[in-house]
Every structure is written in structure tokens, then in C-alpha cells.
Amino acid sequence: MIRIFAISLSLSLSLPLVLAFSLSLFSTDRAVAAELSSVKVALIEYSEDSRYSDRVIESRYQAQPWGRLYDAAKIALKESKFSARAAGINLELSRHSVDSLSQLPELLGDLDAKGTQLFMLDLPDAGVSMAATAMKASDSLLFNLSALDNSLREQQCQDNLFHIAPSRAMLTDAMAQYLVFKKWKKVLLLYGSSLDDRSYLASMRKSGKKFGLKFVAEKEYLLGSDPRERYQNNIALMTSKDDYDVVLIVDHQGEFAVDVPYAISKPRPVVGAAGLVPDWWHWNWDRNGAPQVNKRFYKKAKRHMTGYDWSAWLSVKIFTEALLRTGKQDSESLAAYLISDQLKMDGGKGFPLNFRAWNNQLRQPVFMTSLNRVIARAPLEGFLHPTNNLDILGKDKRETTCQLKTRRAK
């Protein structure tokens with residue numbers, strides 16, 4: 001804006017006057033910046049995170065990250081800058097990475113000592129657990145962007161750890177809801193052998209029981225081409241004998257699942273990690289202001305936005321909202337606001353979003369997605385909750401094992 005105005009003035013004023021005017025504006029802007037209260041935000045990454053391996057990123061598997069989350073955080077920072085500066089706040093974003101999860105306590109401790117107030121954790125389950133333990137006594141707030149493990153919201157929950165990403169239970173509940181809604185209740189389960197797959201499988205079993213699915217068979221697959229494991233690697237053989245309405249694949253990275261559609265022996269839908277997949281954002285969601293968010297991200301990152309990117313974008317927006325609404329910067333006031341009924345975030349999903357006070361999990365709908373389309377949005381019609389329909393996804397208050405101290409918005 002300074003350059004444009006200076007050009008227009010130059011038509012009628014001498015160059016020295018134009019330069020003097022421009023410099024005065026620049027000096028004023030620097031003076032205003034100096035008066036702002038600095039709030040430090042740190043994005044924490046793990047360089048060896050398998051979710052961001054070249055093989056996974058290049059494959060563009062469904063419900064997987066398609067790139068690092070820094071661009072999404074910067075977009076949100078830019079969008080929040082004007083309102084933050086108007087309130088006297090200057091948000092400073094820094095990016096940090098560790099080569100080993102064991103380095104997290106030292107890194108976080110150093111940043112905490114230097115006054116970082118918000119830690120955005122783009123870490124696997126074990127990394128978030130380690131970071132939360134290291135920062136349990138800190139006055140900073142931790143936002144979990146991408147770890148889905150249910151235990152982080154249950155046995156390992158803590159007061160300053162907030163979850164933007166949904167839990168696995170929320171994703172599997174959405175999946176079970178849709179299958180019941182479609183009357184595809186007889187399910188053939190194919191699952192992998194990794195710890196993440198086992199965890200997802202356990203969550204899917206609980207969701208199936210919760211909503212009334214029948215698992216007619218559960219079969220483990222093995223990645224690879226060893227002929228001695230032909231049955232466990234042959235999709236047609238694995239799906240030939242049982243009577244089922246749908247094939248559900250448990251595959252936390254999508255490497256096996258991508259080959260299953262059109263390879264099964266019967267004309268049945270494929271869901272889970274390929275075909276129809278639960279996700280918390282989709283680049284083709286065309287309602288509730290989402291197209292504008294997706295366009296801004298695509299312009300910046302040169303790729304489509306995923307649920308992981310959405311987590312980073314929304315976390316900055318939520319933190320800024322808490323700063324502006326409370327007028328305070330201490331973690332107790334901010335945390336109290338985050339779990340209060342006063343927080344109502346517009347995340348582009350069509351529901352006002354806020355946190356569950358009992359485990360700091362963000363309430364949000366879950367999309368049922370294909371490769372290029374949102375097929376449905378859970379909670380689906382007919383699945384109701386006594387107080388908030390979003391709470392039918394994941395652990396409800398009466399079910400939780402998380403014990404957080406009582407806080408009230410100040």
C-alpha cells in the first residue's frame with residue numbers, strides 16, 4: 001500500500017517529498033510493531049516421521065498427509081495478523097525439527113524457557129506422548145495437529161494438551177455410522193500387523209459394537225510378495241469365501257489398501273483406508289466457506305489441502321481467537337476459554353467447533369470421502385446425542401477415563 005500511494009503522489013509532488021512521506025510511514029509502522037506484545041508460536045516436527053516419507057507423500061494415499069504443515073500455519077498467521085495487531089499482539093511463528101524423538105524434551109524446554117506460548121505438535125503418537133510428558137508442568141499450551149491415538153485423549157490426557165486432529169475413535173465411529181446408515185452391516189475386516197493397525201483395529205471393533213455392525217471375518221494381510229504367504233497377500237483369495245456387505249480395510253498408511261478396490265472377488269464396496277475413507281478435511285468440500293480456504297492453501301502450497309494441513313491452519317486461528325477474546329496471555333485464562341461454551345470456531349465444516357471439557361478434544365464433524373469428493377458428513381441424520389450431536393463421535397463424557405482439573409472461563 002505504501003508503494004502504490006507513493007506512486008500516485010509522485011505525479012504532483014517532488015521526489016524528495018515523496019521519499020520523506022514514505023519513510024515516515026515506514027518509521028511509524030516500525031514504531032507500532034515495537035509497541036506490540038510478542039506471542040511466540042512454535043511448530044514442532046520429526047524429520048524421520050514415516051508419514052512424511054517420500055514414498056507416502058508421492059503416493060497421495062487417502063487420509064494421509066501430502067506435505068508438511070508449515071504453509072498452512074503461515075496462511076492462518078497471515079489471515080490472523082490484522083486482528084492480532086489491532087489488539088496489540090504480534091504473533092511470531094518458528095519452525096523446529098528433531099532427528100530423534102528423544103531430543104524433544106531438550107528442544108521444548110529450551111523454547112519454553114525463551115517464552116514460547118504455543119507449541120503446535122506435528123508428531124506421531126509416541127512423539128506427542130513424549131512432548132506432553134516433558135511439558136506437563138509448563139505454562140505453555142500444546143496443540144496436537146496429527147496424532148490420532150485414543151490413549152492421548154484418555155489415559156495420557158493432560159490439562160495443557162489440546163487435540164485439533166480427531167481421535168481414531170471419532171474416525172471409526174463415523175465409518176460405523178455410515179455403514180449402519182447404508183445397511184451394510186455385515187463387514188469383512190482386512191487388517192495389517194503394525195502397532196498402528198492394531199490400534200485402529202481395536203478402535204474399529206469398539207465402534208462396530210457401539211453402532212451394531214457384524215464382523216463376519218477378520219483377516220490379516222502381509223505386505224510383500226513372498227509366495228509362502230500367498231493367501232495372506234492375495235486380495236481375491238481373502239475375499240472369496242465369506243458372505244459380507246462391505247470390505248473394510250485397516251491400513252494406517254494406505255499402502256496395501258490402495259490395491260483393494262476392484263481386486264476383491266465379489267461386487268461389494270470397499271471402505272476404511274481406500275475407497276470410502278473417513279477424514280477430517282477434503283480439498284473438494286464445497287460449502288461453508290471451505291472453497292476459499294482451499295484456494296488460498298493451493299495458491300501457497302501448490303497442492304491440495306488435507307486434514308493435517310487443516311489442523312495446523314485451525315490451531316493458529318483458535319489460539320488467536322483465545323488471545324483476542326480473553327485479552328490475556330497466561331495459559332490458565334486461555335485454556336479456560338478454550339473449554340468454555342464461549343468458544344465457537346468456524347472451521348469451514350458447517351458446525352461451530354469447540355473443545356470437549358473432559359479431554360480437550362476438538363468437537364468436529366468427520367467427512368466420508370472418496371478420492372475426489374465428499375460423500376457424506378458425520379454425524380449423519382438420525383444419529384443423535386442428548387446435548388451435542390458432535391459428541392456421538394468418539395468418547396462421550398460418561399465414557400471417558402480422562403481426569404482433568406475443573407476450569408472455568410474467566
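Owing to the predicted nature of the structure, the values given are computational and were not obtained by experimental measurement.

Q: Just give me the short version of the overall build of the protein chain, but keep the residues and values in it.
A: The helix and strand tally for the protein chain stands at 13 helices and 14 strands. The buried share among the 410 residues of the protein chain stands at 53%. Counting contacts in the protein chain only where the partners sit at least 6 residues apart, residues at least 24 apart contribute 69% of the total. If you sum the accessible surface of the protein chain, you get close to 19200 Å²; carbon and sulfur atoms cover 53% of it.

Q: So what's going on with the pairing of strand 1 (residues 37-46)? Residues and values would help.
A: With seven of ten residues buried, strand 1 lies mostly within the body of the structure. Inspection of the sheet shows strand 1 paired to strand 3 (residues 116-122) by six bridges, in the parallel sense. In the strand pairing of strand 3, Leu43 is matched with Met120.

Q: An account of the pattern of salt bridges is requested, with residue identities and associated values reported.
A: With the rule as written, the count across this model stands at 22 salt bridges. Of the charged contacts, one joins Lys74 and Asp71 as a salt bridge, the two residues approaching to 3.9 Å between their closest N and O atoms. Taken as a pair, Lys74 and Asp71 lie in helix 4 (residues 70-86) at a separation of three residues, close to a single helical turn. Under the relative-accessibility criterion, Lys74 is labelled partly exposed at 29%. Between Asp149 and Arg168 there is a salt bridge, with its nearest N and O atoms 3.1 Å apart.

Q: Run through the sheet that holds strand 13 (residues 366-369), naming residues and quoting values.
A: Across the sheet, three strands lie side by side as 10-13-14; this open sheet has antiparallel pairing. At either margin of the open sheet sits one strand with a lone partner, and together these are strand 10 (277-279) and strand 14 (374-378). Between one strand and the next, the sheet's axes are offset by a mean angle of 30°, whatever the strand orientation.

Q: Residues and numbers for the packing of helix 12 (residues 307-326) against helix 13 (residues 331-338), please.
A: Closest axis-to-axis distance for the helix 12/helix 13 pair is 9 Å, and the angle between their directions is 110°. Between helix 12 and helix 13, the interaxial angle falls into the category roughly perpendicular. Along its contact with helix 12, which presents Ile318, Phe319, Glu321, Ala322, Leu323, Arg325 and Thr326, the element helix 13 presents Ser333, Leu334, Tyr337 and Leu338. Of the residues contributing to the contact of helix 12 with helix 13, the split by class is seven nonpolar, two polar and two charged.

Q: Break down the state of the cysteines for me, with residues and values.
A: Throughout the structure, instances matching the rule amount to one disulfide. At a sulfur-sulfur separation of 2.0 Å, the disulfide partner of Cys157 is Cys402. Between Cys157 and Cys402, the S-S dihedral sits near 105°, and the bridge is therefore right-handed. With Cys157 in the loop between strand 4 (141-144) and strand 5 (161-163) and Cys402 in the segment after strand 14, this pair connects stretches of sequence that are 245 residues apart. Cys157 gets classed as buried once you look at its relative accessible area, which sits at 14%. With relative accessibility at 5%, the residue Cys402 sits in the buried group.

What counts and how
- Residues numbered from 1 in each chain as written.
- Predicted model: local features only at pLDDT ≥ 70, side-chain atom pairs only at ≥ 80, totals over all residues.
- Heavy atoms only, no water.
- Helix = DSSP H or I, 4+ residues; strand = E, 2+ residues; numbered from the N terminus.
- Buried < 20%, exposed > 50% of the residue type's maximum accessible area, 1.4 Å probe, protein only.
- Contact = heavy atoms within 4.5 Å.
- Areas by Shrake-Rupley, 256 points an atom, 1.4 Å probe, with all protein chains shown as cover.
- Pairing = 2+ DSSP bridges.
- Salt bridge = Lys/Arg side-chain N within 4 Å of Asp/Glu carboxyl O.
- Axes fitted to C-alpha atoms, helices over the stretch in contact; angles between N-to-C directions.
- Parallel < 35°, antiparallel > 145°, perpendicular 65-115°, else oblique.
- Nonpolar A, V, L, I, M, F, W, Y, C, P; charged D, E, K, R; others polar.
- Disulfide = S-S within 2.5 Å.

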